[in-house]
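Okay, here's what each chain looks like letter by letter:
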Amino acid sequence: QVHLVESGGGSVQAGGSLTLSCVVSGYTIMDHCMAWYRQRPGKEREGVAFMQSSGSTVYVNAVKDRANISRDTAKNTLWLQMSSLKLEDTAKYYCAAGSRETCDYGLDYWGIGTLVTVSS
């Protein structure tokens, strides 16, 4: 019933920026934990940014000060903005949603991902 659709990926040069979106249906993002994950080539999927229902956010060190997670409640859409992109940011980025207000209880719903390729 819950569906998440990511978009905005593509090829970006190092030092550039991008914005990813996640349109959610069957679910009100304002009431739940939302997150962005990514999977870099040859590595396990990892968290990038998290937002609780309250709006509180957490970023991993690898993207701290370069990433911003936000939401548009009217459009039921989650966003990830990244700047000063590095080659190591190349990954498939996934939108994810939890079933509770905080992010302590895991994530239950996942999109199919959108690929970001950073080149020099």
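As the structure is a computational prediction, the values presented were derived from the model and not from experiment.

**Some details on the sheet that holds strand 3 (residues 18-25)**
Move 1: A sheet is described by the order of its strands in space; here four strands give the open sequence 1-3-8-7, paired in antiparallel fashion. Each having just a single partner strand, strand 1 (3-7) and strand 7 (67-72) make up the two edges of the open sheet. Direction aside, the axes of adjacent strands within the sheet are offset by 20° on average.

**A short note on unusual backbone geometry**
Move 1: The backbone phi angle of Asp65 is positive, close to 75°, even though this residue is not glycine.
Move 2: Along the chain, the position of Asp65 falls in the loop between strand 6 (57-59) and strand 7.
Move 3: For Asp65, a relative accessible area of 73% puts it in the exposed group.
Move 4: Located in the positive-phi region is Ser84, a residue other than glycine, with phi close to 50°.
Move 5: Secondary-structure assignment places Ser84 in the loop between strand 8 (77-82) and strand 9 (91-97).

**Concerning the pairing of strand 1**
Move 1: The side-chain alternation of strand 1 yields one buried face, formed by Leu4 and Glu6, and one unburied face, formed by His3, Val5 and Ser7.
Move 2: Both strand 1 and strand 3 contribute to a ladder of five bridges, which runs antiparallel. If you follow Val5 over to strand 3, its bridge partner there is Val23.

**Topic: the nonpolar core**
Note on soluble globular proteins: their nonpolar side chains tend to be buried together.
Move 1: By size, the foremost hydrophobic cluster in this structure holds 27 residues, and its most contacted members are Leu4, Val24, Met34, Trp36, Leu80, Met82 and Tyr93.
Move 2: Those elements that place two or more of their residues in this core are strand 3, strand 4 (34-39), strand 5 (46-51), strand 7, strand 8, strand 9 and strand 11 (114-119).
Move 3: Not counting residues up to four positions away in its chain, the partners in contact with Tyr93 are Glu6, Leu20, Trp36, Tyr37, Arg38, Val48, Leu80, Met82, Gly113, Thr114 and Val116.
Move 4: Formed by seven residues, the second largest nonpolar core is a distinct cluster that contains Tyr37, Phe50, Tyr94 and Leu107.

Calculation criteria
Residues numbered from 1 in each chain as written. Predicted model: local features only at pLDDT ≥ 70, side-chain atom pairs only at ≥ 80, totals over all residues. Heavy atoms only, no water. Pairing = 2+ DSSP bridges. Helix = DSSP H or I, 4+ residues; strand = E, 2+ residues; numbered from the N terminus. Axes fitted to C-alpha atoms, helices over the stretch in contact; angles between N-to-C directions. Buried < 20%, exposed > 50% of the residue type's maximum accessible area, 1.4 Å probe, protein only. Core = buried A, V, L, I, M, F, W, Y, C linked by side-chain atoms within 4.5 Å. Contact = heavy atoms within 4.5 Å.

These values are about where atoms sit, not about what they do.
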